[in-house]
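# Working through the structure, step by step
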Amino acid sequence: MTSEGDRMADDRVTGPPPERAEGALVDRLKERIYATITMIAVVVGLSLGEVGTTGALATVLTTALGLWLAAFVADQQAHRTVHRHFATGHDLRRMLYVSSPLLSCAAGPAVMITLAALDVLSLSAALTTAAGVGIASLFAWGCAGGLRMGGGVLLAVLAGLADAVIGVAVALVKAAAGH
């Protein structure tokens, strides 16, 4: 059995695994927030159109897949350009770890759309709920960031509200554009 001390000594020699590296955590959270904002725009757009549950689900899933593929291709391209070879091993694991929220951002909306397909709620309600949950998650991440910065509860709530306002603004712009 490997002790925590042995793992820490290994980390000093080889570096921490990609999922424990601070930079990877920052990049992963950035991708999660970006994906959440994008998915808010997608579900609001879907709620304004004439789409069924199958079309809505396909749109949400292909959007998430497209975001992930675009990020992965861009990461590989950048790595290849700088390092003159494809990312493998540690670098590839880090890329996949960082970009995975681009796929997982579809989970909430997909569950809500599936509930609509099962007639548990209307598609409109499912899409509105998915957008609301996305906005609430932006608020939560803003609060968490504010608390981590040590500004106290009031500043954390203000940071959360600022992030939520961004999510609401995205939804309003999408609704005003009518698509």
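Shown above is the structure to which this text applies.
Let me sum up the structure you'll find in this document. (Residues numbered from 1 in each chain as written. Predicted model: local features only at pLDDT ≥ 70, side-chain atom pairs only at ≥ 80, totals over all residues. Heavy atoms only, no water.)

### Structural notes on the packing of aromatic side chains
Remark: the centre distance and the inter-plane angle together describe each pair of aromatic rings, the angle taken between the planes. As enumerated under the stated definition, the model contains one aromatic pair in all. Consider the rings of tryptophan 68 and phenylalanine 72, whose centres lie 5.5 Å apart with planes at 15°: the pair is stacked. With tryptophan 68 and phenylalanine 72 both in helix H3 (residues 53-83) and four residues apart, the pair spans about one turn of that helix. (Phe/Tyr/Trp six-rings, centres within 6.5 Å; stacked < 30°, edge-to-face > 60°. Helix = DSSP H or I, 4+ residues; strand = E, 2+ residues; numbered from the N terminus.)

### Observations regarding the layout of surface pockets
In this structure, the largest pocket occupies an estimated 340 Å³ of space. Around the largest pocket sit Leu25, Val26, Arg28, Leu29, Arg32, Ile33, Tyr97, Trp141, Ala144, Gly145 and Arg148, which together line it. For the lining of the largest pocket, the secondary structure elements donating two or more residues are helix H2 (22-47) and helix H7 (123-148). No other element matches H2, which puts six residues into the lining of the largest pocket. Of the residues in the lining of the largest pocket, the class split is seven nonpolar, one polar and three charged. (1 Å grid on protein atoms, 1.4 Å probe; cavity = no way out; pocket = protein on both sides within 12 Å on 5 of 7 lines; lining within 4 Å. Points joined across faces, edges and corners; volume = space filled by probe spheres on them. Nonpolar A, V, L, I, M, F, W, Y, C, P; charged D, E, K, R; others polar.)

### So, the pattern of salt bridges
Once the charged atoms of two side chains with opposite charge are near each other, the side chains can pair. Under the criterion given, the structure shown has one salt bridge. Arginine 94 is the salt-bridge partner of aspartate 27, the closest N and O atoms lying 2.8 Å from each other. On the criterion of sequence distance, the pair formed by aspartate 27 in helix H2 and arginine 94 in helix H4 (residues 89-99) is long-range, its members being 67 residues apart. Residue arginine 94 is classed as partly exposed on the basis of its relative accessible area, which comes to 25%. (Salt bridge = Lys/Arg side-chain N within 4 Å of Asp/Glu carboxyl O. Buried < 20%, exposed > 50% of the residue type's maximum accessible area, 1.4 Å probe, protein only.)

### Digging into H3
Over its 31 residues, H3 runs 44 Å from end to end, which matches the ideal 45 Å to within 8%, given 1.5 Å per residue. Every buried residue belonging to H3 is among Ala56, Val60, Thr63, Ala64, Leu67, Trp68, Ala71, Phe72, Gln76 and His79, and all of these are buried. Elements in contact with the buried residues of H3: H2, H4, helix H5 (101-104), helix H6 (107-117) and H7. Of the residues flanking the end of H3, it is arginine 84, one or two places downstream, whose phi is positive at about 70°. (Expected span 1.5 Å × (residues − 1). Contact = heavy atoms within 4.5 Å.)

### Here we look at the side chain of threonine 36
Within the element layout of this structure, threonine 36 appears in helix H2. Contacts of threonine 36, omitting those with residues within four sequence positions, involve Gly134, Ser137 and Leu138.

### As for the nonpolar core
If you look at the biggest cluster of nonpolar residues, it comprises 28 residues, and the most contacted ones within it are Met39 and Val60. Mapped onto this core, the elements with two or more residues apiece are H2, H3, H6, H7 and helix H8 (152-177). Leave out the neighbours within four places in its chain, and valine 60 touches Met39, Val42, Val43, Leu46, Ala106, Pro109, Ala110 and Ile113. (Core = buried A, V, L, I, M, F, W, Y, C linked by side-chain atoms within 4.5 Å.)

### Brief notes about a nonpolar patch on the surface
A surface patch of nonpolar side chains, about 660 Å² in accessible area, is lined by Leu147, Val153, Leu154, Leu155, Val157, Leu158 and Leu161. Of all the elements, H8 adds the most residues to the nonpolar patch, at six residues. Tracing the backbone through its elements, the reader meets leucine 147 in helix H7. (Patch = residues over 30% accessible without salt bridge, like charges linked within 9 Å, V, L, I, M, F, W, Y side chains within 5 Å. Areas by Shrake-Rupley, 256 points an atom, 1.4 Å probe, with all protein chains shown as cover.)

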